[in-house]
Amino acid sequence: PAECDAALTEKIAQAENISTLTARALIRRGVKDSGEAKCFLHPDERMLYDPYLLPDMEKAVDRIRAAIEKGERTCVFGDYDADGICSTAMLYGRLKQMGADVRHYIPLRHSEGYGLSETAVRNLHKDGVKLIVTVDNGISAFDEIALCKALGVDVVVTDHHSIGKTVPECAAVVAASRKDSTYPNRYLCGAGVALKLIQALNDDAYSDAELALAAVATIADVVPLTQENRIISACGLKYLQTVPGFTALLEAAGWKQQHVDEQTVSFVVAPRLNAAGRMATAATAVELLIGTDVKRLDTIANELN
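What comes next is a walk through the structure. Note that this is a predicted model, so its numbers are computed, not measured.

Some points on the environment of arginine 109
- The residue arginine 109 is located in the loop between β2 (101-105) and α6 (118-126) in this model.
- Put simply, arginine 109 and alanine 280 are 171 residues apart on the chain and 8.5 Å apart in space, counted from C-alpha to C-alpha.
- Among residues more than four places away in sequence, those in contact with arginine 109 are Tyr80, Gly277 and Arg278.

And the structure:
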């Protein structure tokens, strides 16, 4: 009823010290009380969900930790868009930090196509890879994962794309989009899922740079900026320039604004990351995001620009 709406509007306006116009806008966006209004207006990292609520997270963590302990060669297998590039960079960096024998691989858009392929799987197997961890892909790679199994290569899938009733048979399939998932946020992007995996691997902790990478990917992949995605984006944007590659990219683009916001990501950062995979190889953009040598980063940033 209109009178209830007016009462709620007034309550939210007073509780948050905002105009009734803003309060009404919040209600129209689905905010039901002053507590939800507070969460919406003041995103807080402490509100991020428990990563172990995602299906197969425990299995994924156990398999990755076992690979590190045994010194098994591991490959982070990504995708060539901004989400896949950020996902690959963040998980590769974290596994490296944990002492893993790890490399990263993103297929060439024009000659290999999206996701796992028979050629890529066989090449990784020849290179001694014992575990493939996919990011932003893999949930529909049934044949390629079956080939991995035949070759003795384990696969941990982390993905966010939609899936049917069944998931591939492998060590773990971590995805909020699974039909049997009860995770509160079904709309994580690929890097959002990678961030949750990092949290699970690292006693619920992650770095400012990892949160920044997840924020860029979340905005670039145009997932709904509500609930957890809003927290990742709003909080992660503050740390964007803790990633030297992002700083180099902004400089190359001639970015002069005082603060990084979602428009900076959408119209300055993301198109330049995407350019790597569209025009050449996405591996260049991954190198930008994991690198620290300022001279090399400037060279890559100018190339992408």
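That was the structure; now back to the text.
Concerning the environment of valine 153
- Mapped onto the fold, valine 153 is located in the loop between α7 (142-151) and β4 (154-158).
- With residues near it in sequence (within four places) discarded, valine 153 still touches His125, Val129, Lys130, Leu131, Ile132 and Cys148.

Overview of the side chain of histidine 160
- Looking at the element boundaries, histidine 160 is found in the loop between β4 and β5 (172-174).
- Reaching out from histidine 160, the side chain makes a polar contact with the side chain of aspartate 83 at a distance of 3.5 Å.
- Only 3.4 Å separates the side chain of histidine 160 from the side chain of aspartate 221, close enough to count as a polar contact.
- Residues within four places of histidine 160 in sequence aside, it is in contact with Asp83, Asp136, Ser177, Leu188, Cys189, Gly190, Val193 and Asp221.

Focus: the pattern of salt bridges
- Following the criterion strictly, the structure yields 15 salt bridges and no others.
- The partner of aspartate 44 in a salt bridge is arginine 46, with the nearest N and O atoms 2.6 Å apart.
- A salt bridge links arginine 296 to glutamate 287, with the shortest nitrogen-to-oxygen separation between them at 2.8 Å.
- On the basis of relative accessible area, arginine 296 is assigned to the partly exposed category, the value being 36%.
- What emerges from the salt-bridge pattern is a single network uniting Asp56, Lys59, Arg178 and Asp180.

Let's talk about the sheet that holds β5
- Judged by pairing direction, the sheet is parallel, and its five strands sit side by side in the order β2-β1-β3-β4-β5 without closing on themselves. Both outer strands of the open sheet, β2 and β5, are each paired with one neighbouring strand and no more. Adjacent strand axes in the sheet meet at a mean angle of 20 degrees when their direction is disregarded.
- Of the strand pairs in this sheet, β4 and β5 are connected by three bridges, and their pairing is parallel. By the bridge assignment, valine 157 is partnered in β5 with valine 173.

Quick notes on unusual backbone geometry
- Although it is not a glycine, asparagine 17 adopts a positive phi angle of roughly 55 degrees.
- Its place among the elements puts asparagine 17 in the loop between α1 (2-16) and α2 (20-28).
- Exposure remark for asparagine 17: the relative accessible area of 72% places this residue in the exposed category.
- Even without being glycine, aspartate 203 reaches a positive phi, approximately 55 degrees.

Reading the values: rules and limits
- Residues numbered from 1 in each chain as written.
- Predicted model: local features only at pLDDT ≥ 70, side-chain atom pairs only at ≥ 80, totals over all residues.
- Heavy atoms only, no water.
- Helix = DSSP H or I, 4+ residues; strand = E, 2+ residues; numbered from the N terminus.
- Contact = heavy atoms within 4.5 Å.
- Polar contact = N/O pair within 3.5 Å; in protein donor to acceptor, adjacent residues only side chain to side chain.
- Salt bridge = Lys/Arg side-chain N within 4 Å of Asp/Glu carboxyl O.
- Buried < 20%, exposed > 50% of the residue type's maximum accessible area, 1.4 Å probe, protein only.
- Pairing = 2+ DSSP bridges.
- Axes fitted to C-alpha atoms, helices over the stretch in contact; angles between N-to-C directions.

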